[in-house]
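Here's the letter readout for the chains.
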Amino acid sequence: MRKEVRLADIANQLNVSTVTVSNALAGQKGVSEELREKIKDTAAKMGYQPRAAAAVSAKKILSIGVIISEQYLGNYPSFYWRVYQTLAVAAREKSCVLLFEVLTKESEKSLILPLFAHDSKIEGIIVIGEIGGRYLKLLREESRLPQVYIDFQKKNIPVDAVLMDNYYGMYRMVNYLIESGHKEIAYVGTVRANNSIMDRYFGYCKALMEAGIPVRQDWVVDDRNEEGYMIDPCLPKKMPTAFACNSDLTASALIKTLEVKGYRIPEDISVVGFDNYLYDGLCDIKITSYEVNVEEMVKTALKNMIRQIQHGKGQASTLGQAVHVISGHLVVKDSVKVIG
């Protein structure tokens, strides 16, 4: 029997993401016409056929709610929006239907649950990006449904969590700067804003300490306010030769600030980011970054969500207590200068 051609097979053939393939075949925006035609042509040659409704209905369709805080979504596609898009494609492959809701700051503060949390048809909840502990506890107690967190975990809340390798990822990025000759390296990220930024900060500290370089608190630069929203980084009085940023979005904001002050990147100052994701047009310089394996993260999250649902028959169980760390890799671009 001929093996069924999947979206992932087409993506691998063209070295693009499954999200790009899905958007191209569905006529969605965000894909150039040249690439869209190339994807369609490749799909036809490989014998790709959209799954018939009858084939999908043969399996039990699972309904899963997805929450993202509004602070992680702006006027342009953010990293977490990319995570959601990738999750949506993976969910389709697993016969899962997603109900998406943006959690406003007011709803979080007032402890107002998402509408789908009251729907008896929902069988699980995925939270993308860290939100407050009070809200998460209420969500778990009131919904009584299996849950999975993506890109964070919460102390004393026994829920499956899928994390990117924040600690060793930043450790690798700072070591790359050190290997490039830099000894004066600042960190950009509000350390207590969330666990991901804090873990990346500790990776930064480990790399410096191993190299015998002191960690200077005046070189730890905030990138967001108490509400979690992005702010322009404030440059230190004594400038380092390099900045390690907790995200590419933060790195792009820092580069703009540096350029306004007359610094050239990377001739005067080197900058590295994290995520290897940035919306087109935000930065003219290609930022050296740590690429996160988003597809593996959502695949792991879905696998554990389905496992919990099938084991607990729709009720939260003791299975939801594992932490899965997904590794990534360094992507060298144009924002780092090798110095003597």
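Residues numbered from 1 in each chain as written. Predicted model: local features only at pLDDT ≥ 70, side-chain atom pairs only at ≥ 80, totals over all residues. Heavy atoms only, no water.

Novice: Can you help me understand the layout of surface pockets in this one?
Specialist: Looking at the largest pocket, its volume works out to about 1100 Å³. What lines the largest pocket is a set of 35 residues, among which Ser 17, Thr 20, Arg 82, Tyr 277 and Leu 278 lie closest to the centre. Mapped onto the lining of the largest pocket, the elements with two or more residues apiece are helix 2 (18-26), helix 5 (79-93) and helix 11 (294-312). Sort the elements by how many residues they give to the lining of the largest pocket and helix 5 lands first, with four residues. Its residues placed into classes, the lining of the largest pocket shows 14 nonpolar, 13 polar and eight charged. (1 Å grid on protein atoms, 1.4 Å probe; cavity = no way out; pocket = protein on both sides within 12 Å on 5 of 7 lines; lining within 4 Å. Points joined across faces, edges and corners; volume = space filled by probe spheres on them. Helix = DSSP H or I, 4+ residues; strand = E, 2+ residues; numbered from the N terminus. Nonpolar A, V, L, I, M, F, W, Y, C, P; charged D, E, K, R; others polar.)

Novice: Which parts of the structure should I look at to understand the environment of Lys 105?
Specialist: Note on placement: Lys 105 falls in helix 6 (residues 105-109). Each C-alpha atom of the pair Lys 105 and Ile 131 lies 9.7 Å from the other, and the pair is 26 residues apart in sequence. Ignoring anything within four residues of it in the chain, the contact list for Lys 105 reads Glu 70, Gln 71, Glu 227 and Tyr 229. (Contact = heavy atoms within 4.5 Å.)

Novice: Would you mind showing me how to read the pattern of salt bridges here?
Specialist: For side chains bearing opposite charge, pairing can occur when the charged atoms are close. Evaluation of the coordinates by the stated rule reveals 12 salt bridges. For Arg 6, the salt bridge is made with Asp 9, and the minimal N-O distance between the two is 3.4 Å. Note that Glu 179 and Arg 172 form a salt bridge whose closest N and O atoms lie 3.8 Å from each other. Note on Glu 179: relative accessible area 57%, which makes it exposed. Take Arg 172: its relative accessible area is 33%, and that puts it in the partly exposed class. (Salt bridge = Lys/Arg side-chain N within 4 Å of Asp/Glu carboxyl O. Buried < 20%, exposed > 50% of the residue type's maximum accessible area, 1.4 Å probe, protein only.)

Novice: Help me understand helix 1 (residues 7-14), please; the structure alone is not making it clear to me.
Specialist: Residues lying three or four places apart along an α-helix face the same way, a consequence of the helix completing one turn every 3.6 residues. By the burial criterion, the buried members of helix 1 are Leu 7, Asp 9, Ile 10, Ala 11 and Leu 14. The secondary structure elements touched by the buried residues of helix 1 are helix 2, helix 3 (33-46) and helix 5.

Novice: I tried to follow the confidence of the model for the protein chain on my own but got confused; where do I start?
Specialist: Predicted coordinates in regions of low pLDDT should not be interpreted in detail. With 94% of its residues at a pLDDT of 70 or more, the protein chain has an overall mean of 89. Segment residues 52-58: pLDDT under 50, and four contacts once partners within four positions in sequence are set aside and those in other chains are kept. Ignoring residues within four places in sequence, the model shows residues 313-319, a span with pLDDT below 50, making 17 contacts including any to other chains. (pLDDT = per-residue confidence, 0-100.)

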